[in-house]
Amino acid sequence: MNTRKIGIIGAGHVGSHVGFALATQGEVDELILIDCDQKKATAQALDISDAVSYLPHHVTSYGGEYQDLLGADCVVICVGPPSGPSEDRLDELEELVSVLDDVLPKLQESGFDGFIINISNPADVITTYIQSYLEYPKEKILSTGCVLDSARLQSQLSKLLEVNRQSIQACCLGEHGFSAMIPWSHVTISGQPLEAYLSAQDLAALNYEQVLQETKDGGYQVLLGKGSTEFGIATALVEVIKSIFHDERKVLPVSVYLDGQFGQEGIFASVPAVIGKNGVERLVEWQLSTGEQVDFEQSCEIIRGNFAKIHTF
């Protein structure tokens, strides 16, 4: 019998919600929470253990050490300082890199060789840094990237079009941040291109810029209201892990290493990718319009430039 062992590095608001989402959806059997505050990690694990009687199946959760990650199927990295009131995810970059410089050698020494999913922000920059630091197999490391942004986009479109979001195929690409872009030419409603759907339903044209802006502002509004995003990112993370664990081979807009695809290389950015039992199975290289390609390239340049800043710290 195969059981699933997952480690979460960072047991704060986000890490604890990720652990609880994994447990409630039945995607983990052994859950290890690791944090510089060992007391907090142990308490979070105990809180999850208290819920086991009412979960889909038994989950063993505990506050652990890095050596406990040996043999784990997946490690989720969600470390860093608490998010401040700024809209810019780069504001805490230097401090976050300092934390990672302590975490990554310990992860390396543990002997862990499973999948790494990073959700520490700025996600694309940090995932690029982690892969470079560990020289990790590129198909086995990724970030949720624009999976959460895409959920926010689908929510916006669902309200505007008055149609269930599960009938909408739409995603954001590029940076998980304020330079994310929407490839409108690939948005469909139950398989029908967006423009054709609007015309057929006699609906007014959408304000594309406003939709994009409200999509990008979504996380900031949550942050302003409650201090952190938790439920959305936790559920997005589980969606990615499910596709790996069950070899679902879903196409998800995750942040993956680009090696010439979409005209980019040497960075992680969100593009459509087939996610299965081997991790990043392959990328789906959409044909973007000229304007969309420019927007995507500009977003990637921001990721590349911010990654370069790390070497100046």
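For the structure itself, look to the data block above.
The model shown is predicted, which means the values in this text are computed figures rather than measured ones. (Residues numbered from 1 in each chain as written. Predicted model: local features only at pLDDT ≥ 70, side-chain atom pairs only at ≥ 80, totals over all residues. Heavy atoms only, no water.)

Novice: I'm lost on the nonpolar core in this one. Help?
Specialist: As a rule of thumb, soluble globular proteins bury nonpolar side chains together. V76, I77 and L107 are the most contacted members of the largest nonpolar core, which has 82 residues in total. Sort the elements by how many residues they give to this core and helix α8 (residues 231-245) lands first, with nine residues. If sequence neighbours within four positions are ignored, V76 has contacts with I6, G7, I8, I9, V18, I117, I119, L237 and I241. Membership of the second largest hydrophobic core comes to 18 residues, among which are W184, I189, L194 and L212. (Core = buried A, V, L, I, M, F, W, Y, C linked by side-chain atoms within 4.5 Å. Buried < 20%, exposed > 50% of the residue type's maximum accessible area, 1.4 Å probe, protein only. Helix = DSSP H or I, 4+ residues; strand = E, 2+ residues; numbered from the N terminus. Contact = heavy atoms within 4.5 Å.)

Novice: Teacher, can you tell me more about the sheet that holds strand β9 (residues 192-193) here?
Specialist: The strands making up a sheet associate through hydrogen bonds between their backbones, and the pairing can be parallel or antiparallel. Judged by pairing direction, the sheet is antiparallel, and its three strands sit side by side in the order β7-β8-β9 without closing on themselves. Two strands close off the open sheet at either side, each with one partner strand: β7 (168-169) and β9. When β7 meets strand β8 (residues 188-189), the two strands line up antiparallel, connected through two bridges. Opposite I168, over in β8, you have I189 as the bridge partner. (Pairing = 2+ DSSP bridges.)

Novice: What's the story with α8 in this structure? I'm lost.
Specialist: Turn by turn, an α-helix covers 3.6 residues, leaving residues three or four places apart pointing in a common direction. End to end, α8 covers 21 Å across 15 residues, agreeing with the expected 21 Å (1.5 Å per residue, within 8%). Among the 15 residues of α8, 11 are classified as buried, and the element is accordingly described as predominantly covered. Inspection of α8 places I233, A234, A236, L237, V238, V240, I241, K242, S243, I244 and F245 among the buried residues, and these make up the whole buried set. Where α8 terminates, the next one or two residues include D247, which has phi positive at roughly 50°. (Expected span 1.5 Å × (residues − 1).)

Novice: Sorry if this is basic, but what is going on with the pairing of strand β5 (residues 115-118) here?
Specialist: Where a strand is regular, its side chains alternate between the two sheet faces. Side chains F115 and I117 project from β5 onto one buried face, and the interleaved I116 and N118 project onto a second face that is buried too. Pairing of strand β4 (residues 74-77) with β5, which is carried by four bridges, proceeds in the parallel orientation. When the bridges of β5 are listed, C74 appears paired with F115. Note: β5 against strand β6 (residues 141-143), three bridges, orientation parallel. Counterpart to N118 in the pairing with β6 is S143. For the handedness criterion, the β-α-β arrangement of β5, helix α4 (residues 123-134) and β6 is classed as right-handed. (Right-handed = clockwise from strand over helix to strand, strands pointing away.)

Novice: Teacher, can you tell me more about the packing of aromatic side chains here?
Specialist: Ring pairs (aromatic) are described by centroid distance and by the angle formed between their planes. All chains considered together, the criterion is met by four aromatic pairs. Each ring, one from F262 and one from F296, has its centre 5.4 Å from the other, and the planes form 45°; the classification is tilted. With F262 in the loop between β10 (250-259) and β11 (265-276) and F296 in helix α9 (residues 290-310), this residue pair connects regions lying 34 residues apart in the sequence. By relative accessible area, F296 is classed as buried at 0%. Stacked on the ring of F245, the Lys or Arg R4 has its end atom at 4.4 Å from the ring centre. (Phe/Tyr/Trp six-rings, centres within 6.5 Å; stacked < 30°, edge-to-face > 60°. Lys NZ or Arg CZ within 6 Å of the ring centre and 35° of its normal.)

Novice: How should the side chain of S16 be read in this particular structure?
Specialist: Note that S16 resides in helix α1 (residues 13-24). For S16, the side chain forms a polar contact with the main-chain oxygen of H13, separated by 3.0 Å. Here S16 is in contact with A11, Q44 and I48, once residues within four sequence places are set aside. (Polar contact = N/O pair within 3.5 Å; in protein donor to acceptor, adjacent residues only side chain to side chain.)

Novice: For this particular structure, what's the right way to read the packing of helix α5 (residues 147-161) against helix α7 (residues 208-226)?
Specialist: To characterise two packed helices, one gives the angle between the axes of the helices and the distance between these axes. Orientation of α5 relative to α7, taken along the N-to-C sense of each, is 130°, at an axis distance of 9 Å. Here α5 lies oblique to α7, going by the angle between them. At the point where α5 passes α7, the crossing takes the right-handed sense. On α7, the residues that touch D149, R152, L153, Q156, L157 and L160 of α5 are V211, E214, T215, G218 and G219. Among the residues making up the contact of α5 with α7, the classes are represented as four nonpolar, four polar and three charged. (Axes fitted to C-alpha atoms, helices over the stretch in contact; angles between N-to-C directions. Parallel < 35°, antiparallel > 145°, perpendicular 65-115°, else oblique. Left-handed = near helix turned anticlockwise from the far one by under 90°. Nonpolar A, V, L, I, M, F, W, Y, C, P; charged D, E, K, R; others polar.)

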